[in-house]
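Structural description and commentary
Listed below are the residues making up each chain.
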Amino acid sequence: MIFRWLDERLELKKFKDKFLAKTFPTHPTFLLGELALFSFVTLVLTGIFLGLLYEPSTKMVSLFGSMVPAAYASVVKIDLLPMGMIIRRIHHWSAMIMIASILTHLARVYFTSAYRKPREINWLVGLGLFGTSLGASFTGYLLPYSQFSVTATSIAYYVSKSVPWIGGGLSRLLFSGEFPSDGTVPRFFFLHVMLVPAVLVGLIALHLLILVKQKHTEPSANRIRKESHGGKKLIGIPVWPEQVVISLSFYFFLLFVVSLMATYVPLNPIEVYGPPAPGTPVMRPDWYFLPIYGFLKLVPGNLSLSIAGGKITPETIGGVIFPAVLFLLLAVIPFLDRVKEPLNYVENPLHRPVMTSIGIGGGVFLGMTAISGYLDVFRIEPGTMMLYTVLVPLVAWGICYTLLRLYNRRRE
Amino acid sequence: MVEKSSGNKGEKTAISRRRITLGILLGSLAGAFGSLLALLKVLSPEKKGGGYEATIVLGDRLVYAQGEKAGTPLRAAALKDGDAVLAYPVGKAQNQANLIQLIRLKEKAFKPPTRLDLTDQGFVAYSAICTHLGCTVSWVKNQTSPDTSFTECFCHNSIFDPTRGAKVLGGPAPIPLAQVGVKVAEDGVLLFTSGFIGPIGPQV
Ligand code: HEM
Ligand code: FES
């Protein structure tokens, strides 16, 4: 009934035939992207709740008899509301899950070489999504304005200020003046709840549109199946109703797991960190910033060079050049690993020794830089750790490459 | 023949017209974005933050920077050999550039380039703002031999030697923490006897 009413006005039937009948591959790793998308939905929903109660200001107000910044006070009050702390933790957990699933999704695309022609554009859009999500997390971090937030943001402020030539202007643009000043929190609030989510929504829409246009890649087994049956269509299940049911169940399962974690596992306990204070205790960033944090520890302090009036300092190398190079390397992959004909089947990673071993080496390298974030715990000298950070990935790459080569020789 | 050449001509004017239109489009685009660049300036206010311009002057008393005693005067008797504490010049706690670490060691523990004339009865003071990326440094006390205690920044583990002018012993900090003069006054409270003798805060 309702469907007919709507159909007569909006031509829903056409839409249904065109989009809802799309096929979706059944392999579970194709759900990783969805996991990221669903985490984002949760973030928006919980974010709206937080945004309605949060106060973006560093004015000093009285909270239980002591003077603290209004932003900090408002988040402490959120934590005291029924379910308030749980919503805040769901927000934070979802941010972690979103970034973790983007990373594994990216790894899946890399190892199955689904980034190759014709999907180079979507690989770049995906990288954009990854970077923007990191930006979302980073701007969210400052908002509770605890000692932890302020220290983390202050470090980022000086990193951006250290950029040669444009550092001064860049840091003032990002942080709305010097940090800490009363300009930064309102600016980050707008970035975090408006600008960055808007960019994310735009990029997600683009990502999905391109996906629908190009269709998914398929497991290579499908090629054989199709060739013997003479079929041409993608093998999989239709979006409506099968995939929608699977996705919804998946989403509710995710919500269940996240709520469970939020209920029992504390995260970012700002009451423990306290409002901004003179001392800086031992603190480490969320895991996805560990590589940058670790790399900052590795670059020796006397390593700096001057060119054309600008000074490239260890801070710039660790905090700006290192992540920029990582993203650049990822971005050029589809343009180096080229094929002539458009490819629509995923490849078996075991059959691609070069790319697979490079991917594993790169992953191990990131792992090593993350471990460097803990070198004070292991009491390793930065110099020694630097050596390991270079050597271990090389060894991992070598072993992996040799094994895959042997495997493929045997296969042939 | 005639027809063909006139056809060519028409094509040419069409092309040049297209060129002109394109030129106008690009020109106005550049103009629009050029004027937007001015907005960047507006969006980057010169707003002063804590900054790193210390305002310590000779004779300022030292007060505790944190804890229950925050804001109350620091007495020499409160620190034993191997102790350290964060302090501000009295009334100037708003400016984080003024934050210092006051350390007490044995008098003979100090070696150059520590400025001995700026120490008194084993008290030495350095800027507490890490020269790497601006975290506050901490004191790692060695209970068994207090003179081998050191200053560490827990952010990226820069280590400074308090007996040698806060020389960098390890980690990413590029330069030592700047020393500042202190002395014990007759009534037992600590006073500043100089400003910082070197650059303070992140060297960016
Ligand atoms: C429309 C979308 C969003 C809104 C309205 C929103 C809103 C907020 C607000 C008001 C806060 C401050 C309150 C608090 O700290 O608990 C916050 C914190 C935070 N946000 Fe968001 N957010 C959104 C999306 C995201 C996304 C996409 C990410 C990451 C991928 C993210 C990561 C964070 C993090 C890590 C915090 C700090 C949480 C904590 O204090 O433990 N947010 N967000
Ligand atoms: S801020 Fe002190 S070591 Fe990085």
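This structure is a prediction, so every number in the text was calculated from the model and none was measured.

Here we take up the overall build of chain A. Across its full length, chain A carries 17 helices and six strands. At 24 Å, chain A has a C-alpha radius of gyration in line with the 22 Å of a compact globule built from 412 residues. Considered along the principal axes of its C-alpha atoms, chain A spans approximately 75 × 60 × 45 Å. Scored against the burial criterion, the 412 residues of chain A give a buried share of 46%.

Attention shifts here to the pairing of strand β8 (residues 167-170) of chain B. Residues and elements named next belong to chain B. As judged from the three bridges shared by strand β7 (residues 158-161) and β8, these two strands associate in the antiparallel manner. Of the residues in β8, the one forming a bridge with Asp161 is Lys167. Linkage of β7 to β8, two consecutive antiparallel strands, is achieved through a turn of five residues, within which Gly165 is found at a positive phi near 60°.

So, on to the domain arrangement of chain A. Residue and element names in this part refer to chain A. Taken domain by domain, chain A comprises domain 1 (2-140 + 182-277) and domain 2 (348-412). Inter-centroid distance (C-alpha atoms) of domain 1 to domain 2 is 30 Å. Contact residues are listed per partner, giving five residues for domain 1 and seven residues for domain 2. Counting each side, the surface lost to burial between domain 1 and domain 2 is near 540 Å², with a carbon and sulfur contribution of 54%. Taken as a group, Tyr110, Phe111 and Tyr115 account for 76% of the area that domain 1 buries against domain 2, more than any other trio of residues on that side. Applying the counting rule to domain 1 against domain 2 returns zero salt bridges. The tally of links between domain 1 and domain 2 comes to three residue pairs in polar contact (both at pLDDT 80 or more). For the side of domain 1 that touches domain 2, the residue count by class is three nonpolar, one polar and one charged.

A few words now on the coordination of the iron atom of ligand 1. Residue and element names in this part refer to chain A. Here the iron atom of ligand 1 is held by the protein donor atoms His91 (NE2) and His192 (NE2), which lie 2.0 Å from it. Around the iron atom of ligand 1 sit six donor atoms; with metal-centred angles ranging over 86 to 179°, the donor geometry is octahedral. Linking His91 in helix α5 (residues 84-111) with His192 in helix α9 (residues 184-214), this pair joins segments that are 101 residues apart in sequence.

Attention shifts here to the sheet that holds strand β9 (residues 179-184) of chain B. Residue and element names in this part refer to chain B. Within the open sheet, the six strands sit side by side as β1-β2-β3-β4-β9-β10. Their pairing is antiparallel. Of all strands in the sheet, those with a lone pairing partner are β1 (62-64) and β10 (190-196), marking the two edges. Between one strand axis and the next, the sheet turns by 35° as a mean value, whatever way the strands run.

Here we take up the packing of α5(A) against helix α11 (residues 239-264) of chain A. All names here are of chain A. Contact geometry of α5 with α11 gives a least axis separation of 8 Å together with a crossing angle of 120°. Considered as vectors, α5 and α11 are oriented oblique to each other. As α5 packs across α11, the resulting crossing turns out to be right-handed. Facing α5, whose interface residues are Ile86, Arg89, Ile90, Trp93, Ser94 and Ile97, α11 presents Leu254, Val258, Ser259, Met261, Ala262, Thr263 and Tyr264. Partitioning the contact of α5 with α11 into residue classes produces nine nonpolar, three polar and one charged.

What counts and what doesn't
Residues numbered from 1 in each chain as written. Chains lettered and ligands numbered in written order. Predicted model: local features only at pLDDT ≥ 70, side-chain atom pairs only at ≥ 80, totals over all residues. Heavy atoms only, no water. Helix = DSSP H or I, 4+ residues; strand = E, 2+ residues; numbered from the N terminus. Rg over C-alpha atoms; globule rule 2.2 N^0.38 Å. Buried < 20%, exposed > 50% of the residue type's maximum accessible area, 1.4 Å probe, protein only. Pairing = 2+ DSSP bridges. Domains from an automatic or database assignment. Contact = heavy atoms within 4.5 Å. Buried area = accessible area lost by both parts, 1.4 Å probe. Salt bridge = Lys/Arg side-chain N within 4 Å of Asp/Glu carboxyl O. Polar contact = N/O pair within 3.5 Å; in protein donor to acceptor, adjacent residues only side chain to side chain. Nonpolar A, V, L, I, M, F, W, Y, C, P; charged D, E, K, R; others polar. Donors = N, O, S within 2.8 Å, 3.2 Å for Na, K, Ca; no water. Tetrahedral: all angles 85-135°; square planar, octahedral: opposite > 155°, others 65-115°. Axes fitted to C-alpha atoms, helices over the stretch in contact; angles between N-to-C directions. Parallel < 35°, antiparallel > 145°, perpendicular 65-115°, else oblique. Left-handed = near helix turned anticlockwise from the far one by under 90°.

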